[in-house]
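Summary of the model geometry
This is what each chain is made of:
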Amino acid sequence: MGEIEEAFISGFCRSSNETRTVACEYELQPDGTRKLTEFDCSYEKCPNSGACLIYKEARDREG
């Protein structure tokens, strides 16, 4: 297991109709990239997951 990096991302949540801050964890890979391993939200169960800008930003921070 590599080093873990934590990040907090704020944005508008369409499901709860409010601003949310989501805790994310990234595992640093041997090649220097980051992989999203934890996203403190029920993204996979959310009806608005396809349009979630918070999750998009979290994924954009990978690599």
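In this text the structure is predicted, and so the values were computed from the model without any measurement. (Residues numbered from 1 in each chain as written. Predicted model: local features only at pLDDT ≥ 70, side-chain atom pairs only at ≥ 80, totals over all residues. Heavy atoms only, no water.)

1. Structural notes on the pairing of strand β2 (residues 18–28)
Pairing of strand β1 (residues 4–13) with β2, which is carried by 10 bridges, proceeds in the antiparallel orientation. When the sheet's bridge partners are listed, glutamate 5 is paired in β2 with tyrosine 26. Between β1 and β2, which pair antiparallel and follow one another directly, the connecting turn spans 4 residues, one of which, asparagine 17, has a positive phi of 55 degrees. Judged from the 5 bridges that link them, β2 and strand β3 (residues 34–39) form a sheet pairing that is antiparallel. Considered in β3, the bridge of tyrosine 26 is made with leucine 36. In this structure, the hairpin formed by β2 and β3 is closed by a connection of 5 residues, where glycine 32 is found at a positive phi of approximately 95 degrees. (Pairing = 2+ DSSP bridges. Helix = DSSP H or I, 4+ residues; strand = E, 2+ residues; numbered from the N terminus.)

2. Things to note about the packing of aromatic side chains
Applying the stated rule across the entire model yields 3 aromatic pairs. Note on phenylalanine 39 and tyrosine 43: the rings are 6.2 Å apart at their centroids and 85 degrees apart in plane angle, and the pair reads as edge-to-face. Between phenylalanine 39 and tyrosine 55, the aromatic rings sit 5.0 Å apart at their centres with planes inclined by 85 degrees, giving edge-to-face as the arrangement. Here tyrosine 55 lies in helix α1 (residues 53–60) and phenylalanine 39 lies in strand β3, a separation of 16 residues in the sequence. When its relative accessible area of 14% is taken as the criterion, phenylalanine 39 is described as buried. A network of ring pairs unites the aromatic residues Phe39, Tyr43 and Tyr55 as a single cluster. Just above the ring of tyrosine 26 sits the side chain of arginine 34; from NZ or CZ to the centre is 5.1 Å. (Phe/Tyr/Trp six-rings, centres within 6.5 Å; stacked < 30°, edge-to-face > 60°. Buried < 20%, exposed > 50% of the residue type's maximum accessible area, 1.4 Å probe, protein only. Lys NZ or Arg CZ within 6 Å of the ring centre and 35° of its normal.)

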